[in-house]
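These are the residues of each chain, in order.
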Amino acid sequence: MSKHEKFRFKSADELIAKTKELGINLPWSDSVEALFQPTMIQGIKVPNRLTVQPMEGFDSDETGIPLELAYRRYGRYAAGGNGMIWFEACSVVPDGRSNPHQFMINPENVQEYKKLNDHIRKTAADAFGIDYRPFIVLQLTHSGRYSKPYKDYQYKIFSNNPVLELQGGKPEFYSDAEIDEIKAAYIRAIGLAEEAGFDAVDVKACHGYLLHELLFAYDRTDSRYGGSFENRTRFMRDVLSTPSKIIKAVRLNAFDLIPYPYGFGMNPDGSSAIDLTEIKKLIGEFSKWVPLWNISAGIPRYNAFVGRPFDRGVFNAPVPEEHPLTGIDRMIRITGELQHEFPELSIVGTGYSWLRQFYPNVGAGVLQEKKATFIGLGRSSFAYPDAFNDLIKNGKLDPKKVCVSCSKCTEFMRLGVPSGCAVRDYRYSNKGRREQ
Ligand SMILES: Cc1cc2nc3c(=O)[nH]c(=O)nc-3n(C[C@H](O)[C@H](O)[C@H](O)COP(=O)(O)O)c2cc1C
């Protein structure tokens, strides 16, 4: 096991020396040109390879309508030149919200989402010309065991999982009839995403939320949605196979690092080894409906370091044993294995923010080695939404603007207040918040 260390590299040489010491072969390119290459997804042009990963801002009103801070955030992504903007989790029903201010789409507010999309497209066109059109994806969610739509809500779970903590009390289990209803809400929301003018819609299956929970419901055998592979993937199959004009996408956990039968993508021998057999089967079966995939890993409330390596844990939680570079290397290798297995698919890679000013070189190397089609940035998009502009202008990033992986943005989420970068964005600093 490698040992955790904070980021302290002053130069690329120091970073590369550390990877060698750890026995890691991180992709690398001195030129970042590969990030600027446009590409197509089912006939729609994506102007470059930088993707804003979904990042909840918790700034809608209680009916799900995006408010001023959301316009500011998405406007900054658009003005920053990002080729793909993957909207944060947007609930399909009130009970599936993780927070009373999480985005939520419904027939009553769909035009508000259209308005926000128009704002994004206009901002991008004002900055880069009328032909510059970021590709916009809506992420649909139901928070399942992590739902917290209001204070006294009695959340439910789908399967017993002794590894994942409960919110408290002894929750009931979702019935099949309830899952059927949620499925109908997803199918309705896909139509709404199309009406709101998104380019694609993501049926999110990651990070421990409901659709991911179904995938690891190995021991819920009294349900049409649990037990066998066929059953555990039924929800996704039914939703993804429903005909629609809009492009479909999936954000998928490729592995959880929680031993079988309580984690997905793990070896059935119960060890901590990753096993992509079911993941590959799932992607292989659904790829006829889904050309765009976004690969993630781990469960933020249990083992956040797996999918988002950090220097400082949430509320100073202990840092993990492993070196952040070990986690980044694992994400790149597994995403690369999936991209090699499915070269026709567009795959977004995750987990680059810890690399700070060096992620463009690693990302460009990943693209050159065809280990992903897009480079996704989560925390870094909060901190440095105009990274693309600086890369185009200077060929490199400004170390004074990068994410420092301090976990403050996640702390805001846990506190239930609007989330953003406390270090690089004055609006979310203590002083900036007081002034609002
Ligand atoms: C504050 C915060 C909010 C997030 N919200 C979402 C979300 O809505 N949907 C999602 O799939 N992932 C979400 N994520 C995970 C990120 O999209 C991303 O996978 C993760 O931060 C790792 O990428 P990074 O190293 O570039 O930050 C969130 C992460 C953070 C820190």
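Here we summarise the structure given alongside this text. (Residues numbered from 1 in each chain as written. Predicted model: local features only at pLDDT ≥ 70, side-chain atom pairs only at ≥ 80, totals over all residues. Heavy atoms only, no water.)

**Notes on the packing of helix H2 (residues 68-79) against helix H3 (residues 110-128)**
So, step 1. Where H2 meets H3, the closest approach of the two axes is 8 Å, and the angle between their N-to-C directions is 35°. You can see that H2 and H3 cross each other, and the crossing is right-handed. Contacts from Ala-70, Tyr-71, Tyr-74, Gly-75, Ala-78 and Ala-79 in H2 reach Glu-112, Lys-115, Leu-116, His-119, Ile-120, Thr-123, Ala-124, Ala-127 and Phe-128 in H3.
So, step 2. Residue classes in the contact of H2 with H3 are distributed as ten nonpolar, three polar and two charged. (Axes fitted to C-alpha atoms, helices over the stretch in contact; angles between N-to-C directions. Helix = DSSP H or I, 4+ residues; strand = E, 2+ residues; numbered from the N terminus. Left-handed = near helix turned anticlockwise from the far one by under 90°. Contact = heavy atoms within 4.5 Å. Nonpolar A, V, L, I, M, F, W, Y, C, P; charged D, E, K, R; others polar.)

**Observations concerning helix H1 (residues 12-22)**
So, step 1. Along H1, the residues classified as buried are Leu-15, Lys-18 and Thr-19. In a view along the axis of H1, the buried residues occupy a sector of 100°, so they form one face of it. More than 90 degrees from the buried face of H1, the exposed residues found are Asp-13, Lys-20 and Glu-21.
So, step 2. Buried residues belonging to H1 abut helix H10 (324-341). (Buried < 20%, exposed > 50% of the residue type's maximum accessible area, 1.4 Å probe, protein only. Arc of directions from axis to C-beta.)

**Side note on the side chain of Thr-373**
So, step 1. Relative to the assigned elements, Thr-373 resides in the loop between helix H11 (359-368) and strand E13 (374-377).
So, step 2. Accessibility expressed as a relative area gives 13% for Thr-373, which makes it buried.
So, step 3. Separated by 2.6 Å, the side chains of Thr-373 and Gln-339 make a polar contact.
So, step 4. Filtering out sequence-adjacent residues up to four positions away, Thr-373 remains in contact with Arg-49, Gln-339, Leu-345, Ser-346, Ile-347 and Leu-367. (Polar contact = N/O pair within 3.5 Å; in protein donor to acceptor, adjacent residues only side chain to side chain.)

**Some details on the packing of aromatic side chains**
So, step 1. The final tally for this structure, using the stated rule, is 19 aromatic pairs.
So, step 2. An aromatic cluster of three or more residues is present, and its members are Tyr-74, Tyr-77, Phe-87, Phe-103, Tyr-113 and Phe-198.
So, step 3. The residue whose ring lies beneath Lys-288 is Trp-289, and the NZ or CZ to ring-centre distance is 4.5 Å. (Phe/Tyr/Trp six-rings, centres within 6.5 Å; stacked < 30°, edge-to-face > 60°. Lys NZ or Arg CZ within 6 Å of the ring centre and 35° of its normal.)

**Considerations on helix H8 (residues 277-286)**
So, step 1. Of the positions making up H8, those classed as buried are Glu-278, Ile-279, Leu-282, Ile-283 and Phe-286. Along the axis of H8, the buried positions cluster into a sector of 130°, meaning they face one direction only.
So, step 2. Of the surrounding secondary structure, the elements contacted by the buried residues of H8 are helix H5 (210-215), helix H6 (229-232), helix H7 (234-240), strand E10 (247-255), strand E11 (292-297) and H10.

**Observations regarding a nonpolar patch on the surface**
So, step 1. Taken together, Phe-315, Leu-415 and Val-417 make up a surface patch of nonpolar side chains, about 280 Å² in accessible area.
So, step 2. Locating Phe-315 in the fold gives a position in the loop between helix H9 (300-303) and H10.
So, step 3. A relative accessible area of 46% places Phe-315 in the partly exposed class. (Patch = residues over 30% accessible without salt bridge, like charges linked within 9 Å, V, L, I, M, F, W, Y side chains within 5 Å. Areas by Shrake-Rupley, 256 points an atom, 1.4 Å probe, with all protein chains shown as cover. Salt bridge = Lys/Arg side-chain N within 4 Å of Asp/Glu carboxyl O.)

**Considerations on the site of the ligand**
So, step 1. Around the ligand lies a shell of 24 residues, among which Pro-54, Gln-139, Ser-353, Gly-378 and Arg-379 are the nearest.
So, step 2. Here an oxygen atom of the ligand sits 3.0 Å away from a polar atom, N or O, in the main chain of Ala-89.
So, step 3. Between the ligand and Gly-378 there is a distance of 2.7 Å, counted from an oxygen atom to a backbone nitrogen or oxygen.
So, step 4. For the ligand, whose accessible area on its own is 610 Å², the fraction buried by protein is 98%. (Near = heavy atom within 4 Å.)

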